[in-house]
Amino acid sequence: MKGLDIRYLCTAIGNLSGVPIRIFESGEPVFFYSQSSLPRDPMDAYREEIFAVRDHVGYVTTRHFHYYGIVNSGETKIVIGPTRQIAESDQELRELAFQADVAAEDVDAFIAGMKGIIRLPFESMVQTLCTMNHVLNGEKLSLKDIAIYDAEQERLALRQGRQQAEHKLSALTEEARNVHNTFDQEQAILNIVRRGDTAALREWTASAPAIRGGILAGEQLRQRKNMFIVTVTLVSRAAIRGGMDVDDAFSYSDSYIQQCELLSSPEAITNLQYRMLLDYTERAERLRSGRQPTKLTLDVANYIQHHMSERITAERIAEALFLSRPYLSRRFKQETGESLTDFILKEKTEEARRLLRYSDKSLTAIANYLGFSSPGHFSRVFRKYASMNPGEYRLKYISALSCQSFCPHGK
């Protein structure tokens, strides 16, 4: 709009919302405003997905359920975010700092800055975007008019090793094959989640029986969404019975339901449902690690998952569980057959495997993120529990992917 001061508009929006806002011209940043001090822009971790949004109004939801709102007008792109309705944990913010390549010495300041961002409901974000779009493009839009963007689905699938999901989802795509429609199938899936048995989940998905869904709504999209809500509610409870922290399970459930409500096609809901099932199952698997866990071992595993990016010691875990360190170490050894220190380092190594396989972060960045004192310390620990050094592991996985991509039938 001729004569419009876009920077003034964005500053006003930033002050009213308390959420960072930025302007790009022809792909180049020209303006950034935030009431909260951030040593690095968290948007850097999701720049590709955000710039893929070309419509006048859109959004991107990240793996931590932050959302970024986008308004496009000619060569001008305005991006507001990140924000979300539920407060983040320090662990989630450390993961975000890692993804955004925040320097190790700036991580604490980054976390403090992120905590200073105002929590904004998604509906308020959309109303803000529609207002800005009306000013810039002269359109009158509302929530129901906004296109749904789920580009994060593909990125997250790659990062978490879910490349096979698209091929296996064919068994789930017709008539909302929701696990709750027959008692036997419901129990089968819930037991898989509770046990944390990802191999069984993939096997079940590959040969999922045709289930005729019950009628939960008079409109097809609402039917799919209602089924999703029932499913995630049951699955979250199964994960709790499998040892997941109650607050975590409910928080993930709320966030998945919020994402589902914003989707506009049955196919997108089916993909989100599969991701949700696999997410809960993988989390339960990591907590249980093939054991028949006791309350103590689950408490220890939950603590480690919540503090993965910190230096974890037996003393800190004991303090968090209101136990003495000698008693905790002795009981843990009795119940699991391994030392607490070994268990901590094995969990760190498992997380390192995931990061080496599904991220392009440097070995030094991964070592810093996981709380190791130095890259050398990280390498020694990784070699002890993975039987090779981190560089060899990454090269081996990349080579395996290349073979799968270019060698027919694995030859």
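The structure we're discussing is the one just above.
Participant: Give a description of the overall build of the protein that names residues and reports values.
Facilitator: Along the protein, the regular secondary structure elements total 19 helices and five strands. Sorting the 411 residues of the protein into buried and exposed places 51% on the buried side. Within the protein, counting contacts between residues at least 6 apart in sequence, those at least 24 apart form 66% of the total. Surface summary for the protein: the accessible area is close to 19,400 Å², and the carbon and sulfur share equals 52%.

Participant: Help me get a handle on the pattern of salt bridges, residues and values and all.
Facilitator: In total, this model carries 17 salt bridges according to the counting rule given. Across the pair D108 and R94 runs a salt bridge, and its minimum N-O distance is 3.5 Å. Taken together, the positions of D108 in helix α4 (residues 107-115) and R94 in helix α3 (residues 90-99) put the pair 14 residues apart, joining distant regions of the chain. Residue classification places D108 among the exposed residues on the basis of a relative accessible area of 54%.

Participant: Describe the packing of aromatic side chains, and please don't skip the residues or the numbers.
Facilitator: All told, the structure shown has 12 aromatic pairs when counted by the stated rule. Between Y59 and F122 the ring centres are 4.9 Å apart and the planes differ by 75°, which places this aromatic pair in the edge-to-face class. Note that Y59 is positioned in strand β3 (residues 57-61) and F122 in helix α5 (residues 122-137), a separation of 63 residues in sequence. Accessibility expressed as a relative area gives 4% for Y59, which makes it buried. Residue classification places F122 among the buried residues on the basis of a relative accessible area of 7%. Directly above the ring of F51 sits K77, whose terminal nitrogen or CZ lies 5.3 Å from the centroid. Just above the ring of F98 sits the side chain of K361; from NZ or CZ to the centre is 5.8 Å.

Participant: Describe the side chain of E88, with residues and values.
Facilitator: Within the fold, E88 resides in the loop between β5 (76-83) and α3. Its relative accessible area of 10% is what places E88 among the buried residues. Here H66 takes part through its side chain, which lies 2.7 Å from a polar atom of the side chain of E88. Those residues in contact with E88 that sit more than four places away from it in its chain are H66, L93, M114 and R119.

Procedures and definitions
Residues numbered from 1 in each chain as written. Predicted model: local features only at pLDDT ≥ 70, side-chain atom pairs only at ≥ 80, totals over all residues. Heavy atoms only, no water. Helix = DSSP H or I, 4+ residues; strand = E, 2+ residues; numbered from the N terminus. Buried < 20%, exposed > 50% of the residue type's maximum accessible area, 1.4 Å probe, protein only. Contact = heavy atoms within 4.5 Å. Areas by Shrake-Rupley, 256 points an atom, 1.4 Å probe, with all protein chains shown as cover. Salt bridge = Lys/Arg side-chain N within 4 Å of Asp/Glu carboxyl O. Phe/Tyr/Trp six-rings, centres within 6.5 Å; stacked < 30°, edge-to-face > 60°. Lys NZ or Arg CZ within 6 Å of the ring centre and 35° of its normal. Polar contact = N/O pair within 3.5 Å; in protein donor to acceptor, adjacent residues only side chain to side chain.

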